[in-house]
Amino acid sequence: MKHKMRKQIRKAVIILFWLIVWQIAAVWTNNHILLVGPVQVLRTFVQNMMQPDFFKTVFCSFARIGLGFFLALCIGLLLGAVSYRFSVAQELLEPVMVTLKSIPVASFVVLLLIWFGSSKLSFLISFLIVFPNVYVNTIAGLKSADVKLLEMAKVFGMGRLNRFFYIYRPALMPYLSSCLKISLGMSWKSGVAAEVIGLPDFSLGERLYMSKIYLDTAGLFSWTLVIVLISYLFEKAVLLLIKIFGEWKPYPIAGVRSAHKEDLRGTDDAEEDKTVGRAIQISHIDKSFGELSVLRDYSLTMEKGQRYLMMSPSGTGKTTFLRILTGLDNGYEGTITGMPAHTGMVFQEDRLCEEYDAVCNIMLGMGKGKDKSWHKENSECGMNRARTVEYIRREAVKILPEDCLTKPVKELSGGMRRRVALIRAVMSVSELLILDEPFAGLDEENRLRSAEFLMEHLRGRTLLVTTHREDDVKLLRGVKVTLVF
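This one's a predicted model, so the numbers in the text were calculated from it and none came from an experiment.

Conventions and cut-offs
- Residues numbered from 1 in each chain as written.
- Predicted model: local features only at pLDDT ≥ 70, side-chain atom pairs only at ≥ 80, totals over all residues.
- Heavy atoms only, no water.
- Pairing = 2+ DSSP bridges.
- Helix = DSSP H or I, 4+ residues; strand = E, 2+ residues; numbered from the N terminus.
- Axes fitted to C-alpha atoms, helices over the stretch in contact; angles between N-to-C directions.
- Contact = heavy atoms within 4.5 Å.
- Disulfide = S-S within 2.5 Å.
- Buried < 20%, exposed > 50% of the residue type's maximum accessible area, 1.4 Å probe, protein only.
- Patch = residues over 30% accessible without salt bridge, like charges linked within 9 Å, V, L, I, M, F, W, Y side chains within 5 Å.
- Areas by Shrake-Rupley, 256 points an atom, 1.4 Å probe, with all protein chains shown as cover.
- Salt bridge = Lys/Arg side-chain N within 4 Å of Asp/Glu carboxyl O.

This part is about the sheet that holds strand β8 (residues 479-482). If you trace the 5 strands from one edge of the open sheet to the other, you get β5-β6-β7-β3-β8, paired in parallel fashion. Only two strands of the sheet have a single partner each, and these edge strands are β5 (343-346) and β8. Ignoring strand direction, the axes of neighbouring strands in this sheet form an average angle of 20 degrees. Summarising the sheet, strand β3 (residues 307-311) and β8 pair through 4 bridges and their orientation is parallel. Each bridged residue has a counterpart across the sheet, and for tyrosine 308 the counterpart in β8 is valine 479. Of the strands in this sheet, β3, β5, β6 (432-436) and β7 (462-466) are in contact with helix α12 (residues 318-325), which crosses β7 at around 150 degrees.

Bringing the state of the cysteines into the picture now. Here is the idea: a disulfide is a covalent bond, and it sits between the sulfur atoms of two cysteines. Counted under the stated rule, the structure contains 0 disulfides. Left unpaired, cysteine 353 is separated from the closest cysteine sulfur, that of cysteine 360, by 7.0 Å. With no disulfide of its own, cysteine 404 lies closest to cysteine 360 among cysteine sulfurs, the gap being 14 Å. Looking at cysteine 404, the relative accessible area reads 2%, which means it is buried.

So, on to a nonpolar patch on the surface. A grouping of Leu42, Val46, Met49, Met50 and Phe55 is seen on the molecular surface, where their side chains present a nonpolar patch of about 510 Å² in accessible area. The dominant element in the nonpolar patch, judged by the number of residues it contributes, is helix α2 (residues 38-49), at 3 residues. Positionally, phenylalanine 55 belongs in helix α3 (residues 54-85).

By themselves, these are just geometric observations and shouldn't be taken as functional.
This is the structure we're talking about:
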C-alpha cells in the first residue's frame, strides 16, 4: 500500500514539474500566439465549458467517433469469427483487409468526403481505422484456442455458447485487449482529424479549425485538452467493460443425467439409470503413422453396461485407440458400430479450463449432446442450475476437499486436478465412459476413494478404462482386454 502511494506521489510530482516548466516557458516567450501557459489554457477551458453549445459539440463528436468505433468492433468480431470458421470467407476478405491497411488515411478522407459529405466523415474514418485491427486480432485469438480443450468439448458434446465462454473467450481476450488499447486512441485521433478537414457542424474538429483561423492558441490547447480527456475516459470505460466481460465467470448451461434428477429433488434413493444403447462393435481396425503400424487388425466387442479394462505396455496404441473410438482420429481403416451419441472421458491429460473452478469444469461435461431428442428426455437442460451446482458440490466432496471446489483449477495440485477430470467424466450426460488411466498421480487412499466414487455413479453405463495395474481389474470388477496382438 505504501509503495503504491509513493508511486502515485512520484507521478504527481513529475506532472507538476512539467507544468511548471511549461508555465515558465510561456512567461519567457511572452507571446500568446506562439505559446500560452497551463494557467491560461485552464482559464480558456472553463470559459469554453460555459458556452451554451459546448456539451452539444462534445456529444456530437463523441457520437460520431464512438458509433464508428463500436460498429467496427462488432463487425470486426463477427467477420473475424466467420473467417475463422470458414476459410473461404477469410480468403474473400483478405484483399479488403490488405487494402484498408495499405491506403493512407488522407486518401480515405478525401474519397469519403466526396462520396458521403462532411457529416459522416469522422464516423467512417473511425470505422475504417478500427475494423481491420479488430478483424485480424479476432482471427488470431480464436486460432490460439487450446486444441486439446476443443477436443474435450467435442467429446463431451459441449454447446456452442459454452465453447465460446470457456474455451474461445479466454484465448481471445489478450488479443482483443491489446488491439483495443491501440485502436481506441487511433479512432479518436483519426476521427478528429477528419472533422478538421470536413468541418461538420458542432464538432471538436471544427473548434480546432476555428482556433487556428483566429490564431487562438489558448483555444487550440483547451479544445485539445477536451479531446484528450474524452479519449482517455472513453478508453478507460471500454477497457473496463472488456475486462469485466473477460473476467465474468458464470456457471455454464448444463444438462443433468436422469439418474440424478431424484438427487436434485432431495431424495437419496434414485433408481439406477437404464441408459439407451447397444453393443459397440470394433472390427479390424488398422492405424499407422507413416511406416509405423500402431494398430493392426484389432477387433473388440463391448456389451452395453459391461466394464472393460484395457492393459498393454506403454506405446502400444491405447491412447490412439481411444482417440479413434471417440472420433478424434479418423485416419484409420476398419469399422466401428454402435457408438452412443454421448460419451464421458478422462483424457491422458486433465484438459481442464484453467481459469475456472472445479464446479464449473464439472458442469462443462454436462453440456448438451448432439442427439437433442435423447438429451431432452434424459436431462434437465439447465432448468435448475443452482440445484445442479449444489448437487455437484455435495457429490464432489466425497473425493475432493471442499475448499478446493471454488478455486481456479490452475491453483490445485496434480492429484486434485485429476479427480476433477474424473468427476467431470462420471457426471457427464453420457452412455459410455472412457477413462485413460484415470487414477494416474493419485496416492493409494485417493485411488481407492476415486474408484468407489466411479462405481457409485456408474449406473449401468458401459465403461472402458486403460490401466497399467492388474489390481484395477478386481477393483472395478471388470473384464480385462489387451491391445497386444
